[in-house]
Amino acid sequence: MRSVDEHLAACLAGLVALPAVEVPLPEAAGCVLAQDIVSAIDMPRFDNSSMDGYAVRADEVAGAGDEAPVTLPVLGDIPAGRGDALELAPGTTMRIMTGAPMPAGADSVVQVEWTDGGTEQVRISRASRLGQNIRRAGEDVRKGETVLTKGTRMTSRQITLAASVGIDRLTVHPLPRVVVLPSGSELVPPGKPLQPGQIHDSNGYGLVAAANAAGAVARHGGIMPDDPAEVTAALERAVRDADLVITTGGVSAGAYDTVKAVLRELGTMEFVQVAMQPGKPQGFGTIGPDATPLFTLPGNPVSALLSFEVFVAPALRRLAGLPDLDRSTPLATVVEGWRSPPGRRQFARCLLTVTAAGPTVRPVGGQGSHLVADLAGANCLVIVPEAVTEVGRGDELPYIMLESGS
Ligand code: AMP
Ligand code: MG
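(A) Representation of the overall build of the protein chain within the structure. Each helix and strand counted, the protein chain has seven helices and 28 strands in total. Its C-alpha atoms give the protein chain a radius of gyration of 31 Å, clearly above 22 Å, the size a compact globule of 406 residues would have. Across its three principal axes, the protein chain shows a C-alpha extent of roughly 95 × 50 × 40 Å. Long-range pairs, those at least 24 residues apart, make up 70% of the contacts in the protein chain with a sequence separation of at least 6. When the accessible surface of the protein chain is totalled, it reaches about 19100 Å², and 53% of it is carbon and sulfur. For the protein chain, the distance from the average position of its 33 positive side-chain charges to the average position of its 45 negative side-chain charges is 3 Å.

(B) The nonpolar core, seen in detail. Ranked by size, the top nonpolar core spans 38 residues in total, and within it V178, L244, I246, F295, F308 and F347 carry the most contacts. No other element matches the 11 residues that helix α6 (residues 301-320) contributes to this core. When near neighbours in sequence (up to four residues on either side) are disregarded, L244 contacts R177, V178, V179, T292, P293, F295, V312, A315, L316 and L319. Counting 18 residues, the second-largest nonpolar core is a separate cluster that includes L181, A238, V239 and A242.

(C) Structural view of the packing of aromatic side chains. Under the criterion given, the structure shown has one aromatic pair. When the centroid spacing of 4.7 Å and the interplanar angle of 55° are considered together, the rings of F284 and F295 count as tilted. A residue pair is termed long-range when its members are at least 10 positions apart, and F284 in strand β20 (residues 281-287) and F295 in strand β21 (residues 292-297) qualify at 11 residues. Across the pair, exposure class does not vary: F284 and F295 are buried alike. Across the ring face of W114, the terminal group of R126 is positioned such that the distance to the ring centre comes to 4.2 Å.

(D) Spatial organisation of the domain arrangement of the protein chain. Each assigned domain of the protein chain is listed here: domain 1 (4-18 + 175-320), domain 2 (21-43 + 139-173), domain 3 (48-135) and domain 4 (331-401). For domain 2 and domain 4, the distance between their C-alpha centroids amounts to 39 Å.

(E) Just the site of ligand 1, in detail. Surrounding ligand 1, one finds 16 residues, the nearest of these being E186, D201, S202, G250 and G299. Between ligand 1 and N203 there is a distance of 3.3 Å, counted from a nitrogen atom to a side-chain nitrogen or oxygen. Contact between ligand 1 and G299: a nitrogen atom at 3.2 Å from a main-chain N or O atom of the residue. Across the shell around ligand 1, the residue classes tally to four nonpolar, 10 polar and two charged.

(F) Looking closely at the pattern of salt bridges. Enumeration over the complete set of coordinates arrives at 12 salt bridges. Residues E270 and R2 are paired through a salt bridge, measuring 3.0 Å at the closest nitrogen-oxygen approach. Here the residue E270 occupies a position in strand β18 (residues 270-273), and R2 occupies one in the segment before α1 (4-12), the gap between them amounting to 268 residues. Residue R2 is classed as buried on the basis of its relative accessible area of 17%. Three or more residues joined by partner-sharing salt bridges are found here, namely D5, R345 and E386.

(G) Geometry of the pairing of strand β28 (residues 396-401). Where strand β22 (residues 331-334) and β28 come together, three bridges link them in antiparallel fashion. Pairing of A332 across the sheet is with L397, part of β28. Here three bridges tie strand β26 (residues 380-384) to β28, and the two strands are oriented antiparallel to one another. Of the residues in β28, the one forming a bridge with C380 is M401.

Cut-offs applied
Every chain is numbered on its own, with residues counted from 1 as its sequence reads. To read the labels, note that chains go from A and ligands from 1, taken in the order they are written. pLDDT decides what is reported in this predicted model: residues at 70 or higher carry local features, side-chain atom pairs at 80 or more are listed and counted, and totals for whole chains, interfaces and linings draw on all residues regardless. Only hydrogens and water are removed before side-chain values are computed, so all heavy atoms of the structure are retained for them. For helices the rule is a DSSP run of H or I covering at least 4 residues; for strands it is a run of E covering at least 2, with both sets numbered from the N terminus onward. Put simply, the radius of gyration uses C-alpha atoms, and a globule should come to 2.2 Å times the residue count raised to 0.38. Only heavy atoms matter for contacts: two residues are in contact if any of them lie within 4.5 Å across the pair. In this description, accessible areas are obtained by the Shrake-Rupley approach with a 1.4 Å probe, and a residue is regarded as covered only by the protein chains that are shown. Positive charges are assigned to Lys and Arg, negative charges to Asp and Glu, while His and the chain termini are left out of the count. By convention, the charge on Lys lies at NZ, on Arg at CZ, on Asp at CG and on Glu at CD. Here the nonpolar core consists of buried residues drawn from Ala, Val, Leu, Ile, Met, Phe, Trp, Tyr and Cys, with membership extended through side-chain atoms lying within 4.5 Å. The rule is simple: take the accessible area with a 1.4 Å probe, protein chains only, and divide by the maximum for that residue type; under 20% is buried, over 50% is exposed, in between is partly exposed. Each Phe, Tyr or Trp ring (for Trp, its six-membered ring) is paired with any other whose centre lies within 6.5 Å, and the angle between the two planes then decides the class: stacked below 30 degrees, edge-to-face above 60, tilted in between. The rule is short: NZ of Lys or CZ of Arg within 6 Å of the ring centre and within 35 degrees of the ring normal puts a charge over the ring. In this entry, domain limits derive from an automatic or database-based domain assignment. Near is defined per residue: the residue qualifies when any heavy atom it owns lies within 4 Å of the molecule or strand. For this analysis, a polar contact is any N or O atom pair within 3.5 Å, provided that within protein one partner can donate a hydrogen and the other can accept it, and provided that sequence-adjacent residues contribute only side-chain to side-chain pairs. Nonpolar residues are Ala, Val, Leu, Ile, Met, Phe, Trp, Tyr, Cys and Pro. Charged residues are Asp, Glu, Lys and Arg, and all others, Gly as well, are polar. A pair is scored as a salt bridge if a Lys or Arg side-chain nitrogen falls within 4 Å of a carboxyl oxygen belonging to Asp or Glu. The pairing criterion is simple: DSSP has to find at least two bridges between the two strands.

In C-alpha cells:
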C-alpha cells in the first residue's frame, strides 16, 4: 500500500503550470501571473486633494478659529480631471474637489466642512496644517516599482492594482479546464425520478463545484454507464478540451468496475491502494494525445470529495501556476476525541471553530464514506497521522480548511 505522501508526489511529479498566454485584463481574473508587473507611473500621478475643500497656503489660515475666521477670495474651481497648470496667488484660495490636482503654491486643503462653503469668498473657521488633506505623488507606488510578482493569483485586489497602473494586457497561466465524469449504471441526474436500484449522481455536481472553487473552470461531462464502449467514448470526448479529467467510481475490485478495465488499455494509469481513510482506491495517470492528467477517484461521495482535496486540489494548483501549499500547518486543538484506523492517514470531517484560545475542532457525525449529510456539516479535514488510533481531547492536529461556507 502507498502512503498519501507517496501518492501525492507521484501525481504531481509530471505536472507543470499550463503554458502562459497573454490576455486582456478582465480575462485575467482568477488566473496566476506568469510575469512581474512593473508600474510605468507614479501613483498617485500628481499631488492631489483627498477632500472636497479649499486649496490654501497653510500659514495664511494658521490663526483661523470659530472666533477668528479667515476670509479669502475664491479665484476658481478645480474639479477632478482638470489638467491645466494652475498657480495659487498669495492671499487667495481655490475650491478643490477630491482627486483634483493641487495648484502650485498651495500646501494644504481646508475641508469644506470647516468653512461656510462660499464661492466668491470663503470664511474658514479652522486652521489646516501644512500638507493636510494632500495625497502625495508616488506615495502609493513609485514609477519603476514591481507591484505584482509572478505566481500571484489575480483576484479583485490585484486586478484593481493592475488597472490603476494602466495595465490592459498581461501574461498569465490560464485557468485549468476540468471535466468531471461520474461512472455507474445506477446513476441518474438530480431532477429525474429514481427507479428501483437507482441513485442520484452527486459526485458530478460536487466535484464540479469543488474544482471551480479551487480556481478551475469545470464542467460535468455526463454520466458514464458501466459499459466499456461508453466509458471509452466519454474519455475520448473529455480529453479534447480538458487540462485535467476526473472520473469517479468504477475503480474498486467489483465485477462491473469498468473505468479501471478501460483505462488499463487506454492510458498510462496507475491504480493503487493508498493508506488513507476514506478513499483507499486511487488512480492517476495521463490519457489522450496531449497526455491529459486523469484522476480516478472512488465512487463514494465522501471519498470522492476528500480525495479531491487531498490529491486533485494540489494538482490544480500546479497547473494554475501556484506554489505548492504546505499542509503540515496550521494546527487546531481537538475538543472531542474519536478513533482512527491503524496504519492509515485519516482525513476526519470536523467542524473548526475559532475561539479566543485559538482554532478548535470537533468531529462531525459518523465517518462512513456514504454519509453526505454529515459531510455538508463539516468545514475542515483534520489530518490524523498513520500511527495514531485514538484522537484525544487536547491533541493538536493539522487540518485542511474546506472551501468555506459559513
Ligand atoms: P463504485 O466505486 O463505482 O463501486 O461506487 C462506490 C459507491 O459509490 C456505490 O455505492 C455507488 O453507487 C456510489 N457512487 C458512485 N458514483 C456515484 C455518484 N456519482 N454519485 C453518488 N454516488 C455514487
Ligand atoms: Mg460503480
